[in-house]
Amino acid sequence: MRTNKKIILTAILLALLIILSRFLSIKTPILKISFAFVPTMLCAVWLGPKWTILLNILGDVIGATLFPTGPYFVGYTISTAIAGLIYGFILYKKEGKEYSNINFLVRLTIATALVAVICNMGLNTLWSVITTGKAFWVLLSARIVKQLIMIPIHIVVIFFLEKVLRKPFDKYVREEKEAVES
């Protein structure tokens with residue numbers, strides 16, 4: 001895939017990420033529930049780790065700058081970059097390489113579990129303790145419950161969404177059009 005297509009696709013996913021995370025999410029003082037994982041995981045599958053890291057960093061910085069929900073804290077940007085790295089390395093499907101549905105499901109489960117434990121429960125709980133001063137174990141217990149509910153939702157949504165979008169993506173985005181003969 002050419003770089004200009006990757007930039008355009010990343011920009012579309014970035015807009016979707018900001019909309020889903022800033023406007024179409026449920027926020028409480030200690031938890032945030034949204035479908036912002038969808039553009040991140042699709043970017044990871046289609047474009048790989050460096051584009052997913054870029055998407056997540058830009059999404060966090062632009063979202064926090066234009067639509068702040070509190071003071072900006074760089075720790076959350078670090079968490080989202082690490083999540084992009086994990087998703088990108090585990091889920092990326094290189095051009096010409098196909099995974100079976102079972103293989104993709106296993107990769108998706110591993111990536112989702114790693115991000116849930118390392119980023120969502122570990123780092124984000126630490127950042128919340130630093131920014132709010134609340135007790136670590138209280139925040140962690142709420143996040144564990146949320147992750148136990150959200151991990152299966154992430155897996156099911158992305159598995160079926162990627163399966164539905166696979167053919168249109170391969171046909172319209174990955175396929176290079178041959179030059180028209182004059």
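Here, the structure is the one placed above.
This is a predicted model, so every value here is computed, not measured. (Residues numbered from 1 in each chain as written. Predicted model: local features only at pLDDT ≥ 70, side-chain atom pairs only at ≥ 80, totals over all residues. Heavy atoms only, no water.)

(A) Seen up close, the nonpolar core. Core analysis: the biggest nonpolar cluster contains 35 residues, and Y87, L91, F104 and L108 have the highest contact counts within it. Of all the secondary structure elements, the ones that give two or more residues to this core are α1 (3-22), α2 (37-47), α3 (49-66), α4 (74-91), α5 (101-132) and α6 (136-174). In terms of residue count, α2 provides more of this core than any other element does, nine residues in total. Contacts of Y87, omitting those with residues within four sequence positions, involve T40, M41, A44, Y92, A111, T112, V115 and H154. (Core = buried A, V, L, I, M, F, W, Y, C linked by side-chain atoms within 4.5 Å. Buried < 20%, exposed > 50% of the residue type's maximum accessible area, 1.4 Å probe, protein only. Helix = DSSP H or I, 4+ residues; strand = E, 2+ residues; numbered from the N terminus. Contact = heavy atoms within 4.5 Å.)

(B) Quick peek at the packing of α3 against α4. Taken N-terminus to C-terminus, the directions of α3 and α4 make an angle of 155°; their axes are 8 Å apart at the nearest point. By the angle between their directions, the pair α3 and α4 is classed as roughly antiparallel. The two elements α3 and α4 meet at a crossing, and its hand is right-handed. Of the residues in α4, those touching α3 at P49, T52, I53, N56, I57, D60 and V61 are Y76, T77, T80, A81, A83, G84, L85, G88 and F89. Tallied by class, residues from the contact of α3 with α4 come to nine nonpolar, six polar and one charged. (Axes fitted to C-alpha atoms, helices over the stretch in contact; angles between N-to-C directions. Parallel < 35°, antiparallel > 145°, perpendicular 65-115°, else oblique. Left-handed = near helix turned anticlockwise from the far one by under 90°. Nonpolar A, V, L, I, M, F, W, Y, C, P; charged D, E, K, R; others polar.)

(C) Structural context of the packing of aromatic side chains. As enumerated under the stated definition, the model contains eight aromatic pairs in all. Where F104 meets F159, the ring centres are 6.3 Å apart and the plane angle is 25°; that geometry is what we call stacked. Here the residue F104 occupies a position in helix α5, and F159 occupies one in helix α6, the gap between them amounting to 55 residues. Grouping aromatic residues by their ring pairs yields a cluster made of F73, Y76 and W127. Taking the ring centre of F104 as reference, the NZ or CZ of K93 above it sits at 4.7 Å. (Phe/Tyr/Trp six-rings, centres within 6.5 Å; stacked < 30°, edge-to-face > 60°. Lys NZ or Arg CZ within 6 Å of the ring centre and 35° of its normal.)

(D) Here's a closer look at α1. The end-to-end C-alpha separation of α1 is 28 Å, in line with the 28 Å expected for 20 residues at 1.5 Å each. Those residues of α1 not exposed but buried are K6, L9, T10, L13, L14, L17, I18, L20, S21 and R22. For α1, the secondary structure elements touched by its buried residues are β1 (26-27), β2 (32-33), α2, α3 and α6. (Expected span 1.5 Å × (residues − 1).)

(E) Molecular detail of the layout of surface pockets. The volume enclosed by the largest pocket comes to roughly 1400 Å³. Every residue lining the largest pocket is counted, 41 residues in all, and those nearest its centre are R22, K32, D60, Y76 and N124. Of all the elements in the fold, those that place two or more residues in the lining of the largest pocket are α1, β2, α2, α3, α4, α5 and α6. Counting residues per element, the lining of the largest pocket draws most heavily on α5, at seven residues. A breakdown of the residues in the lining of the largest pocket according to their chemical character gives 18 nonpolar, 17 polar and six charged. (1 Å grid on protein atoms, 1.4 Å probe; cavity = no way out; pocket = protein on both sides within 12 Å on 5 of 7 lines; lining within 4 Å. Points joined across faces, edges and corners; volume = space filled by probe spheres on them.)

(F) Quick peek at the packing of α2 against α4. The geometry of α2 relative to α4 is characterised by a closest axis approach of 7 Å and an angle of 40° between their N-to-C directions. Viewed along their axes, α2 and α4 adopt a mutual orientation that is oblique. The way α2 lies across α4 gives a crossing that is right-handed. Along its contact with α2, which presents T40, M41, A44 and V45, the element α4 presents Y87, G88 and L91. Grouping the amino acids of the contact of α2 with α4 by side-chain chemistry returns five nonpolar, two polar and no charged.

(G) Spatial organisation of empty space enclosed by the protein. Within this structure, the stated rule accounts for one cavity of 30 Å³ or more. One number sums up the size of the largest cavity: a volume of about 60 Å³. V45, W46, K93, E98, E162, R166, F169, D170 and R174 are the residues that line the largest cavity. The residue makeup of the lining of the largest cavity, split by class, is three nonpolar, no polar and six charged.

(H) Local environment of the state of the cysteines. Counted by the stated rule, this structure contains zero disulfides. With no disulfide of its own, C43 lies 15 Å from the sulfur of C119, the closest cysteine sulfur. C119 sits in the buried class, given a relative accessible area of 1%. (Disulfide = S-S within 2.5 Å.)

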